[in-house]
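# Fold and geometry: a report
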Amino acid sequence: MLQFLACVLSLLCFFTAESLQQTCAAEVDFSADIRPVLARRCYACHGPAVQEAGLGLHEFEAATKETESGTFAIVPGKWDESELAARVLATDADLRMPPGEHEPLKPEEIELLKAWVNQGAEYNQHWAFQPVPQVEIPPATGASQHPIDRFIDAQLKQKGLQAAPQADRETLLRRLYYDLIGLPPTPEEVADFVADASPQAYENVVDKLLASPHYGERWGRHWLDVVRYAETNSFERDGAKPNAWKFRDYVINSFNEDKPYDQFLREQLAGDELADANRETLIASGFYRLGIWDDEPADPLLARYDELDSIVTTIGQGMLGLTINCARCHEHKIDPMPQEDYYKLVAFLNDLTPYATRSDAHTFSQTDISSEETRLRHAQLEEQLKALRQRMYELEQTGVVKMEAADQRASETRQRGKLLRQKLRDYLSAEDWARYEIMKQEERGLQGEKNRLPAQETVLSVAQINPNPEQMHLLMRGNPHVPGDPVSPGFPELFAGPEPEFPASGVREGRSGNRIALANWIASPENRLTSRVMVNRIWQHHFGRGIVRTPNNFGLLGAPPTHPDLLNWLATEFVHQGWRMKSLHKLIVTSEAYKRSSTAVESSLAQDPNNDNFWRFDLRRLSAEEVRDSVLAVTGSLNLSLYGPSIYPELSPEVLATQSKPGDGWGKSSPEDQNRRSVYIFIKRSLIPPELTNFDFPDTDITCEARFLTIQPSQALAMMNGSFLNEQSARFADRLRSEAGNERNAQVKLALELVSQHTPSTEDINDGLKLMEQLQQKHQLSEEESLRLFCLYALNLNSFLFVD
């Protein structure tokens, strides 16, 4: 036995040494292997912004020059002669790097650095800052010829991972419905799909769901997370943003129409500047008005730059995957982005007016898009009414000055109208009163004519710009009261691209065209980040995480792509397909990788527990909207009407009391409207309904790259004790009695089919029957109440709350 163990140990030592030699011999890539280590562990002191002791490790010249101490941190090809080796291997805390208060480098990180230095310490540009390369689809290594599978299967084979089997048809259909429209299939739709043996059955369902108007509701909500959509301003008063819901409808409709993504971006970034601006593009420009706004800032100039920073942050992270906002006050600490780059982007937005002023919430952000004839006639009548009321006021004052002092003071308050009705006649001559009566009659006539005109429609938008904005400056330490050098519009230097091309034509009169230039650059096929970022977002919402796990950060501290060639190929394909999102959805969901089950393969689970290689499908909890919408769908209460003004679910007095003015700004919708899909709920920043917040609805003040998916007690409390779930469980019981009759077995079977979209097992049905029996016999509940509580139980099952 001892000899056997000795042999085993010697073999282990041999293979460990062999593996290490292979690792060291393999080509180490700076961008993929070394920069992430340096960015996490070294750049804070020796990076783009700070070079302590004269050492910078972010570029070849700075890393290989002589330091202030006379040593060379990196001697290419000579690890043993490099000061870096001595410092990362030092045992003395005063000499070791990173310094003593920080964790030392891991052995595998040191080995990577050693191999890289010995191979010549070659630097290359970060992968995301390089142009998107043309990628060849690898040869098939498995049965699937699908291009996505050929990328993923090649990596699985390379790493010796076994893929999970394909999901069963019921599971697959449920996954597809939730991913594409955010709603469960009906039992009839499940049965039809399971029974359809044709090769086109699955693809037909994909096409049907992509053509559904509910697709836009599901995928539009993902974009609303990115652009921090809400319908109020935040801060103490949290006043409403009139017509914000039209932006939400614009987004939903754009997804339903399969609007090209480049056009979608141009409309939001420059919709008001286009020469052919229309209702749709003006609504799209409401993107600039979605952020928080302080109506009473302590420092108005700082508040103005905070508003611009919110926009730059959303554009940078949401559209480009860059934390540009980190360069507001200083050079970016990690990415190669000087502070000047931040203000170059702000300069494109320099003519934007603030959302509003304290005294005027309309002029800057509400555009009248009525017909020219309607606008003209409304304006004429307004002018006539204004002139008439001025004459009436002057006549009224001749009587007011004769009144007692108390009445004169009352005339300056909201009591003026009541006072004039009761007493004015007593203080006017008969002739003046007759004139006043004629004026009142004329006022009623003009107002009546105005009321009979077609209603004016206004939209949240960039309604007015500053035609003569001040010169943009770099702000020292981000302080708007300490301007530095002047800055003109320009693109970040890491793109190494041309100067902005400001359009000579195609610009709406009175607009600068600056934002058209910005939009054209961001939405260009040559932009190395835009297409990558969006295909990563789409992948993320199908697989639960992106190929890049940090969707808003493709920079040096972002996670590297697990499948870089696949990401680049998808980005290229996306552009070649005309930036159409529906074709990309279809490409993804028809892959075998998407169809895999969540079943654990023990060997793969041990080697890749985080599923970085997509060897299986990751189980996920329903989102906040999916939970609420599915409850309404299962109980038969869901109102599927599309578009229109936002709705107000019923909130308890305790929830309303969480505002500084309890219930302020929260309306009341009809019961039918309250049962509409959650995407239509009024999003008041200070009063998000608990049905949403309990299930990780995002913070609406900032762009959201990915929602948290938590499992925590408030969810269970809401699902078991909340008034919404208890009301809906009663409706669910009514539905079961109506559709399954009074036979308990049939009721339980139908309930489980509705919540899980699977055929329930005999054991599951028996569990449900046993529960109701216990409720009646042990707890002395009625048949009706026991069925309701069973329905509540069914709505709390994992098979309802999770997508497998």
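The paragraphs below set out a description of the structure included in this document. (Residues numbered from 1 in each chain as written. Predicted model: local features only at pLDDT ≥ 70, side-chain atom pairs only at ≥ 80, totals over all residues. Heavy atoms only, no water.)

### Details of the overall build of the protein
Along the backbone of the protein there are 36 helices and 6 strands. With the principal axes as the frame, the protein shows a C-alpha extent of 125 × 80 × 50 Å. Looking at the protein as a whole, 51% of its 804 residues are labelled buried. Within the protein, contacts between residues at least 6 apart in sequence are counted, and of these 70% link residues at least 24 apart. When the accessible surface of the protein is totalled, it reaches about 37,500 Å², and 52% of it is carbon and sulfur. Within the protein, the 117 negative side-chain charges are centred at a point lying 6 Å from the centre of the 83 positive side-chain charges. (Helix = DSSP H or I, 4+ residues; strand = E, 2+ residues; numbered from the N terminus. Buried < 20%, exposed > 50% of the residue type's maximum accessible area, 1.4 Å probe, protein only. Contact = heavy atoms within 4.5 Å. Areas by Shrake-Rupley, 256 points an atom, 1.4 Å probe, with all protein chains shown as cover. Lys, Arg positive; Asp, Glu negative; His and termini not counted. Charge placed at Lys NZ, Arg CZ, Asp CG, Glu CD.)

### Quick word on the layout of surface pockets
What the largest pocket holds in volume is close to 1,300 Å³. Considering the residues around the largest pocket, the lining is formed by 41 residues, among which Ala32, Asp33, Pro560, Pro561 and Pro564 are closest to the centre. With 6 residues, helix H2 (residues 30–41) is the single largest residue contributor to the lining of the largest pocket. Taken together, the residues of the lining of the largest pocket sort by class into 18 nonpolar, 10 polar and 13 charged. (1 Å grid on protein atoms, 1.4 Å probe; cavity = no way out; pocket = protein on both sides within 12 Å on 5 of 7 lines; lining within 4 Å. Points joined across faces, edges and corners; volume = space filled by probe spheres on them. Nonpolar A, V, L, I, M, F, W, Y, C, P; charged D, E, K, R; others polar.)

### Description of the nonpolar core
One broad trend across soluble globular proteins is that nonpolar side chains are buried collectively. The biggest cluster of nonpolar side chains holds 195 residues, and the ones touching the most others in it are Ile74, Trp116, Trp223, Phe247, Trp539, Leu570 and Phe732. With sequence-adjacent residues up to four places away left out, Phe732 is seen in contact with Val634, Thr635, Ala751, Leu754, Val755, Cys791, Ala794 and Leu795. (Core = buried A, V, L, I, M, F, W, Y, C linked by side-chain atoms within 4.5 Å.)

### Digging into the side chain of Ser786
Along the polypeptide, Ser786 turns up in helix H35 (residues 783–794). By relative accessible area, Ser786 is classed as buried at 0%.

### Here's the deal with the packing of aromatic side chains
For any pair of aromatic rings, the description consists of the separation of the ring centres together with the inter-plane angle of the planes. Under the definition given, this model contains 35 aromatic pairs. Judged by centre distance (6.2 Å) and plane angle (80°), the rings of Phe60 and Tyr123 are edge-to-face. With a gap of 63 residues between them, Phe60 in helix H4 (residues 60–64) and Tyr123 in the loop between helix H6 (107–118) and helix H7 (147–158) connect regions that are remote in the sequence. When its relative accessible area of 33% is taken as the criterion, Phe60 is described as partly exposed. According to the relative accessible area criterion, Tyr123 is buried, its value standing at 16%. Note on Trp116 and Tyr123: the rings are 5.3 Å apart at their centroids and 70° apart in plane angle, and the pair reads as edge-to-face. (Phe/Tyr/Trp six-rings, centres within 6.5 Å; stacked < 30°, edge-to-face > 60°.)

### Considerations on a negative patch on the surface
A surface patch of negative charge is lined by Glu331, Glu340, Asp485 and Glu493. As for its position among the elements, Glu340 is in helix H16 (residues 339–348). (Patch = residues over 30% accessible without salt bridge, like charges linked within 9 Å, V, L, I, M, F, W, Y side chains within 5 Å. Salt bridge = Lys/Arg side-chain N within 4 Å of Asp/Glu carboxyl O.)

### Quick notes on the state of the cysteines
What the rule picks out here adds up to 0 disulfides. Cys326 takes part in no disulfide bond, and the closest cysteine sulfur, belonging to Cys329, lies 9.8 Å away. For Cys326, a relative accessible area of 35% gives the class partly exposed. (Disulfide = S-S within 2.5 Å.)

### Looking at helix H10 (residues 201–211)
Looking at H10, one finds that the buried residues are Ala201, Tyr202, Val205, Val206, Leu209 and Leu210. Of the surrounding secondary structure, the elements contacted by the buried residues of H10 are helix H8 (169–181), helix H9 (187–195), helix H11 (213–226), helix H24 (581–589) and helix H25 (592–595).

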